[in-house]
Amino acid sequence: MEDITGPIAIGCDHAAYALKEAIKKFLLQKGIEIVDVGTNGEDSVDYPDFGEKVATMVSLKKVPRGILICGTGIGMSMVANRFPGVRAALCSGMYSAAMSRRHNDANILALGSRVIGEGLALEIVRVWLDTPFEGGRHQIRVNKIEQATSQKAEGPNPGTSR
Ligand code: RB5
């Protein structure tokens, strides 16, 4: 297990409630503290409401990592990646999960409860928590993600308007 300082925030929509509960149980068994933002049942809800909560906590560094789950994981990853400093990785296999940590320093794991079963989901969570970021040339690239997106938010690159 990598040394993660602080709790892991977890959120889901109705499609992923059962999987969220299974992941919570798995994390608690490992002695990992959790902040559960909901949803807390299978009544229909809107995934952005829960994605926003976890992404905000990660973006503001209130928690080091988050896990977001919806039916496909796509909506949750779209929401999360709008937040500064968030690097959400939608993973449906262990290789992607490990690489999202090694090369991309992913701080949110997005999962699709209608895409993968519980057994694979727990393996993905395990490998995602166990795998460290390699840094080095990958740190330079990760830094460029934030640089590129903040430049776009400020308007077009002056170099291209001449
Ligand atoms: C809910 O039906 C579904 O749209 C949601 O869980 C998710 O898959 C969205 O990306």
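Higher on the page you've got the structure.
In this text, all values refer to a predicted model and were calculated from it rather than measured experimentally.

The rules behind these values
Residues numbered from 1 in each chain as written. Predicted model: local features only at pLDDT ≥ 70, side-chain atom pairs only at ≥ 80, totals over all residues. Heavy atoms only, no water. Near = heavy atom within 4 Å. Polar contact = N/O pair within 3.5 Å; in protein donor to acceptor, adjacent residues only side chain to side chain. Areas by Shrake-Rupley, 256 points an atom, 1.4 Å probe, with all protein chains shown as cover. Nonpolar A, V, L, I, M, F, W, Y, C, P; charged D, E, K, R; others polar. Helix = DSSP H or I, 4+ residues; strand = E, 2+ residues; numbered from the N terminus. Expected span 1.5 Å × (residues − 1). Buried < 20%, exposed > 50% of the residue type's maximum accessible area, 1.4 Å probe, protein only. Contact = heavy atoms within 4.5 Å. Pairing = 2+ DSSP bridges. Right-handed = clockwise from strand over helix to strand, strands pointing away. Patch = residues over 30% accessible without salt bridge, like charges linked within 9 Å, V, L, I, M, F, W, Y side chains within 5 Å. Salt bridge = Lys/Arg side-chain N within 4 Å of Asp/Glu carboxyl O.

With respect to spatial proximity, the complete set of residues near the ligand consists of Asp13, His14, Ala15, Tyr47, Cys70, Gly71, Thr72, Gly75 and Arg114. Gly71 is positioned with one of its backbone polar atoms (N or O) 2.7 Å from an oxygen atom of the ligand. The backbone of Thr72 places a nitrogen or oxygen atom 2.9 Å from an oxygen atom of the ligand. Its free accessible area being 290 Å², the ligand has 72% of it covered by the protein chains. Tallied by class, the residues present in the shell around the ligand amount to three nonpolar, four polar and two charged.

Between its terminal C-alpha atoms helix α2 (residues 47-59) stretches 18 Å, which fits the 18 Å expected from 13 residues at 1.5 Å a residue. Every buried residue of α2 is listed here: Phe50, Gly51, Val54, Ala55, Met57, Val58 and Ser59. Turning to α2, the residues buried within the fold contact β1 (8-12), β2 (34-36), β3 (65-70), α3 (74-80) and β5 (108-112). Just downstream of α2, Lys61 is the residue with a positive phi angle, here 60 degrees.

It is worth spelling out helix α4 (residues 94-102) at this point. Residues Ala97, Ala98, Met99, Ser100 and Arg101 constitute the buried set of α4. The inward-facing, buried residues of α4 abut β3, β4 (88-90) and α5 (118-130).

Extensive coverage of β1 is indicated by the burial of five of its five residues. By the alternation rule, side chains of β1 split into Ile8, Ile10 and Cys12 and Ala9 and Gly11, which are all buried. Relative to β2, β1 runs parallel, the two sharing three bridges. In the sheet register, Ile10 faces β2, and the bridge partner there is Asp36. Note that the unit made of β1, helix α1 (residues 17-29) and β2 has a crossover that is right-handed.

Together, Ile74, Met78 and Leu90 give the surface a local cluster of nonpolar side chains, amounting to about 280 Å² of exposed area. Considering the arrangement of structural elements, one finds Met78 in helix α3. With relative accessibility at 56%, the residue Met78 sits in the exposed group.

Side chains carrying opposite charge are able to pair once their charged atoms draw close together. In this structure the tally under the stated criterion is eight salt bridges. Linking Lys20 and Asp36 is a salt bridge whose minimum nitrogen-to-oxygen distance equals 2.9 Å. Here the residue Lys20 occupies a position in helix α1, and Asp36 occupies one in strand β2, the gap between them amounting to 16 residues. A salt bridge links Lys24 to Glu21; the shortest N-O distance between them is 3.4 Å. Of this pair, Lys24 and Glu21 are both found in helix α1, three residues apart, which corresponds to roughly one turn of the helix. Each of Lys20, Glu21, Lys24 and Asp36 takes part in salt bridges that share partners, so that together they form one network.

In short, the description is geometric, and any link to function would need to be established separately.
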